[in-house]
Amino acid sequence: MSRASHNPYRVLHIITTLELGGAPAVVLDLLRHLKACQDLELRLCVLGSANPFYADAPMPTQVVYLDYGLALGHLADTCRCVRRLCRVIDQFTPDIVHTHLWLADMVGGLALIGRALPHVSHQHGSSSGLARRTYRAFLKRYLTRAVFSATGAFFIPVAVAVQEHIWSTFKMSNVPCRVIFNGVDTEHFTTADPPPAMLATDKILIGAAGRMVEGKGFDKLIEAAGMLRKHGVCFELRLAGTGPFQPRLIQQSDYLGLSRQVSFLGSVKDMRDFYHPLHVFVLPSEESEGLSICMLEAMAMGKALVVTRTGGTGEVIQTGVDGVVVPPGEARALADAIEALARNPSQRHEMGVRARKKVQARFTVQRMAEEVAFVYRELAMGHSMASGEGLP
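So, a few notes on the structure that sits alongside this text.

Rules used in this analysis
Residues numbered from 1 in each chain as written. Predicted model: local features only at pLDDT ≥ 70, side-chain atom pairs only at ≥ 80, totals over all residues. Heavy atoms only, no water. Helix = DSSP H or I, 4+ residues; strand = E, 2+ residues; numbered from the N terminus. Rg over C-alpha atoms; globule rule 2.2 N^0.38 Å. Buried < 20%, exposed > 50% of the residue type's maximum accessible area, 1.4 Å probe, protein only. Contact = heavy atoms within 4.5 Å. Areas by Shrake-Rupley, 256 points an atom, 1.4 Å probe, with all protein chains shown as cover. Lys, Arg positive; Asp, Glu negative; His and termini not counted. Charge placed at Lys NZ, Arg CZ, Asp CG, Glu CD. 1 Å grid on protein atoms, 1.4 Å probe; cavity = no way out; pocket = protein on both sides within 12 Å on 5 of 7 lines; lining within 4 Å. Points joined across faces, edges and corners; volume = space filled by probe spheres on them. Nonpolar A, V, L, I, M, F, W, Y, C, P; charged D, E, K, R; others polar. Phe/Tyr/Trp six-rings, centres within 6.5 Å; stacked < 30°, edge-to-face > 60°. Lys NZ or Arg CZ within 6 Å of the ring centre and 35° of its normal. Expected span 1.5 Å × (residues − 1). Salt bridge = Lys/Arg side-chain N within 4 Å of Asp/Glu carboxyl O. Pairing = 2+ DSSP bridges. Axes fitted to C-alpha atoms, helices over the stretch in contact; angles between N-to-C directions.

1. A short note on the overall build of the protein
And then number 1: Each helix and strand in the protein was counted, giving 13 helices and 14 strands.
And then number 2: Against the compact-globule benchmark of 21 Å for 392 residues, the protein has a radius of gyration of 21 Å, which places it among compact chains.
And then number 3: In terms of its C-alpha atoms, the protein occupies a principal-axis envelope of roughly 65 × 40 × 40 Å.
And then number 4: For the protein, the residues scored as buried account for 54% of the 392 residues in total.
And then number 5: Nonlocal contacts in the protein, meaning residues at least 24 apart in sequence, comprise 71% of its contacts between residues at least 6 apart.
And then number 6: Working note: accessible area of the protein is about 16700 Å², and carbon and sulfur atoms make up 51% of it.
And then number 7: Both charge centroids of the protein, one from 41 positive and one from 36 negative side chains, sit 4 Å from each other.

Printed below as a string of structure tokens:
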């Protein structure tokens, strides 16, 4: 390490893309709050191309785009991307390289082989695809173990469930890691006055947000919405986000006769405007959740939540206290939980108040940044770190 004994420590973050979604939002928020650390100098490298959604948004640090096609199997393009990334590393001379998402782990890891640089891998989720018994999944697991072994990666899982996924899927139970929960800005995401949950209303506003891809459970939520209508619940379901499954979801909504009750909002610039009028926020995921940033944002906004028990959700939400946890993939369970909250405004309000207090106490972006900065300092100074959770 060329500059470990000198401040500031340079940290290069590498992420696959800045597509809308939880992991990019976490990374950008993390960088914004790490800027307050006087002993850190930051840079962000994006393997893909610039996202027009962020064209007018101020970036927390300088961003380098590599315009990679994001297909590891395209060897020529992958080799070009690794060479470009090597040049970025040579020019910035980081003390630590921090990668986010699987493809960035692999490409970043390949660029780090042979370099005496600490590699931090931020594990944002627990994709079931890597655990499948297919030849493709086997190759990905083999490559993952090989790259992480070569770089001596230190892991930051965003939930205990993600840590257990690493151990079981990659057979890497002895790797150093520290669980650092995602966090949100509770001053940015704050409660409405008066809270919508307490307002007298004949219509319940239900919201869900995320990428419309396989495993996110939007189809089960729309199915649950059909059940709510049959039970005489007056509601509107608002869905924020885009993705390849959106046309299928619109078709499902129309087929169930819900075109007037279900709204597809697309990409939302300011999520506070989305959360503000909601009475209930739903996280219907069936798989691939680490610790949903949308869930934490909705909690910070004082919303009652219905979530499925996937990834780290069960580590945050306690049924009957600050939300309701239901089994994944069960539309009936979603419908029953939403209906119970729809008919009980005082319970919605009490859950929302407790949810916000929990986020303020345990899941702030400031705390997340402090814990990540601690990891950087320990690694940059060459200290070995035992696995654990948060700050020691």
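2. A short note on the layout of surface pockets
And then number 1: Estimated volume of the second largest pocket: approximately 180 Å³.
And then number 2: Contributing elements (two or more residues each) for the lining of the second largest pocket: helix 6 (218–230) and helix 7 (246–255).
And then number 3: When residues in the lining of the second largest pocket are grouped by element, the largest group, three residues, is from helix 7.
And then number 4: Across the lining of the second largest pocket, the residue classes tally to five nonpolar, three polar and six charged.

3. Looking at unusual backbone geometry
And then number 1: One non-glycine residue with positive phi stands out, namely threonine 93, at about 45 degrees.
And then number 2: In this fold, threonine 93 is placed in the loop between helix 2 (75–92) and strand 4 (96–100).
And then number 3: Phi at leucine 101 is positive, roughly 80 degrees, even though this residue is not glycine.
And then number 4: If you trace the backbone, leucine 101 turns up in the loop between strand 4 and helix 3 (102–112).

4. Side note on the packing of aromatic side chains
And then number 1: The full count for this structure, using the stated rule, is five aromatic pairs.
And then number 2: Taking 6.1 Å as the distance between ring centres and 70 degrees as the angle between the ring planes, the aromatic pair formed by phenylalanine 189 and tyrosine 275 counts as edge-to-face. With phenylalanine 189 in the loop between strand 7 (178–179) and strand 8 (204–209) and tyrosine 275 in helix 8 (residues 271–275), this residue pair connects regions lying 86 residues apart in the sequence.
And then number 3: Through pairs of rings, three or more aromatic residues link up here, namely Phe189, Phe274, Tyr275 and Phe281.
And then number 4: The lysine or arginine in question, lysine 140, covers the ring of tryptophan 102, its NZ or CZ lying 4.4 Å from the ring centre.

5. As for helix 1 (residues 22–34)
And then number 1: Helix length check: helix 1 (13 residues) gives 18 Å between terminal C-alpha atoms against 18 Å at 1.5 Å per residue, within 8%.
And then number 2: Considered for burial, the residues of helix 1 that qualify are Ala23, Pro24, Val26, Val27, Leu28, Asp29, Leu30, Leu31 and Leu34.
And then number 3: Each element contacted by the buried residues of helix 1 is listed here: strand 1 (9–15), strand 2 (40–46), strand 4, strand 5 (119–123), helix 9 (293–300) and helix 13 (365–380).

6. A short note on the side chain of arginine 43
And then number 1: Take arginine 43: it is sitting in strand 2.
And then number 2: The buried charged residue arginine 43 lacks any salt bridge, with glutamate 41 as its nearest oppositely charged partner at 4.6 Å.
And then number 3: Not counting the four nearest positions on each side in its chain, arginine 43 is found in contact with Val11, Leu12, His13, Thr61, Gln62 and Phe92.

7. Quick notes on the sheet that holds strand 11 (residues 280–283)
And then number 1: Sheet architecture is open: six strands sit in the order 10-9-8-11-12-13, paired in parallel fashion. What marks the edges here is a single partner per strand, and that holds for strand 10 (262–266) and strand 13 (324–326). This sheet shows a mean twist of 20 degrees between the axes of neighbouring strands, independent of strand direction.
And then number 2: Relative to strand 10, strand 9 (residues 235–240) runs parallel, the two sharing four bridges. Residue arginine 238 lies in a different strand from strand 10, and its bridge partner there is serine 263.

8. Description of the sheet that holds strand 1
And then number 1: With parallel pairing, the six strands of this open sheet are ordered in space as 3-2-1-4-5-6. This sheet does not close on itself; its edge strands, each paired only once, are strand 3 (63–65) and strand 6 (154–157). The sheet shows a mean angle of 20 degrees between the axes of neighbouring strands, direction not considered.
And then number 2: In this sheet, strand 2 lies alongside strand 1 in parallel orientation, the contact comprising seven bridges. Within the sheet, the bridge partner assigned to isoleucine 14 lies in strand 2 and is cysteine 45.
And then number 3: The strands touched by helix 2 are strand 1, strand 2 and strand 3; relative to strand 1, the strand with the most contacts, the crossing angle is about 165 degrees.

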